[in-house]
Amino acid sequence: MKIYGYVRVSSTDQNEDRQMIAMNALKIPPARIFMDKISGKDFERPAYKALTKKLSPGDLIYIKSIDRLGRNYDDIQNQWRVLTKERGVDIAVIDMPLLDTRNGKDLMGTFLSDIVLQILSFVAQNERETIRKRQAEGIAAAQTRGVRFGRPIKKPPDNFETLVKQWERGKLPIQILLMRMGLKEATFYRRLRESRLVR
């Protein structure tokens, strides 16, 4: 039997220290700790896939909490079933001792752990949907206040019309025009179209 740890944070700027401290306390060898820095919306994750390839029946995976495994209710349920029933692997959720497949392998123990798993999977997905809703509401509120997202719009220079006329008369090559305006060609043509629509 080999013991593994799985750690996940949603993005590269999030801190995995809390999960790593828990894994180190269990004395899991660093080579057997797999970490993804990616969303938990599905299981298309490089480290998770690498971990599942190494698993053999009787192995044990530790995770800090069920939402580190994933945040989609159906996917969590399915992965749990695949790992424990089909692959014969044990899973222990550190923050929820009831979710430890090594314990209570009788009918009552399985029943209780299934109920806990369903509740926590629901909570994980609900939290993800709440976060997404708050983000969408925050973006909408910012947009109503005039906040723009994405790259800042590069304004044409004050002498835009003069330079355009010189270019149209053939007195100014396009490359010199772009250099003087400080614009890329695609941006220049977009600004040109916009200025003609305003007229």
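Residues numbered from 1 in each chain as written. Predicted model: local features only at pLDDT ≥ 70, side-chain atom pairs only at ≥ 80, totals over all residues. Heavy atoms only, no water.

Q: Tell me about the side chain of Arg 45, and name the residues and values.
A: Secondary-structure assignment places Arg 45 in the loop between β2 (33-37) and α2 (46-54). Of the side chains with opposite charge, Asp 36 lies nearest to the buried Arg 45, which makes no salt bridge, at 5.0 Å. A polar contact of 2.8 Å, which involves the side chain of Arg 45, links it to the backbone oxygen of Leu 69. Setting aside residues no more than four positions away along its own chain, Arg 45 makes contact with Tyr 6, Arg 8, Asp 36, Ile 38, Ser 39, Gly 40, Arg 68, Leu 69 and Gly 70. (Helix = DSSP H or I, 4+ residues; strand = E, 2+ residues; numbered from the N terminus. Buried < 20%, exposed > 50% of the residue type's maximum accessible area, 1.4 Å probe, protein only. Lys, Arg positive; Asp, Glu negative; His and termini not counted. Salt bridge = Lys/Arg side-chain N within 4 Å of Asp/Glu carboxyl O. Polar contact = N/O pair within 3.5 Å; in protein donor to acceptor, adjacent residues only side chain to side chain. Contact = heavy atoms within 4.5 Å.)

Q: Outline the pairing of strand β4 (residues 90-93), supporting the account with residue identities and numerical values.
A: Here β4 shows no split at all, with Asp 90 and Ala 92 on one side and Ile 91 and Val 93 on the other all buried. Where strand β3 (residues 60-63) lies against β4, four bridges are found, and the strand directions are parallel. Bridging from a neighbouring strand, Leu 60 pairs with Asp 90 of β4. (Pairing = 2+ DSSP bridges.)

Q: Help me get a handle on the sheet that holds β3, residues and values and all.
A: A sheet is described by the order of its strands in space; here four strands give the open sequence β2-β1-β3-β4, paired in parallel fashion. One side of each edge strand has no neighbouring strand; the edge strands of this open sheet are β2 and β4. Neighbour-to-neighbour, the strand axes of the sheet open up by a mean angle of 20 degrees, direction not taken into account. The pairing of strand β1 (residues 3-9) with β3 spans four bridges and is classified as parallel. Residue pairing for β3: Tyr 4 is matched across the bridge by Ile 61. Those strands touched by α2 are β1, β2 and β3, and its axis lies near 155 degrees from that of β2. (Axes fitted to C-alpha atoms, helices over the stretch in contact; angles between N-to-C directions.)

Q: So what about α2? Which residues, and what values?
A: Buried residues of α2: Ala 47, Tyr 48, Leu 51 and Thr 52, and no others. On an axial view of α2, the arc spanned by its buried residues comes to 135 degrees, and they lie on one face. Exposed residues on α2 whose side chains face more than 90 degrees from its buried face are Pro 46 and Lys 53. (Arc of directions from axis to C-beta.)

Q: I'd like a rundown of the pattern of salt bridges, residues and numbers included.
A: Applying the stated criterion to the full structure yields nine salt bridges. Taking the shortest distance from any N to any O, the salt bridge between Glu 16 and Lys 37 comes out at 3.4 Å. Of this pair, Glu 16 sits in the loop between β1 and α1 (17-25) while Lys 37 sits in strand β2, placing them 21 residues apart in sequence. The class of Glu 16 is buried, set by a relative accessible area of 16%. With its nearest N and O atoms 2.5 Å apart, the salt bridge here joins Glu 86 to Arg 81. Accessibility expressed as a relative area gives 54% for Glu 86, which makes it exposed. A cluster of three or more residues bridged by salt bridges with shared partners is formed by Arg 18, Lys 64 and Asp 95.

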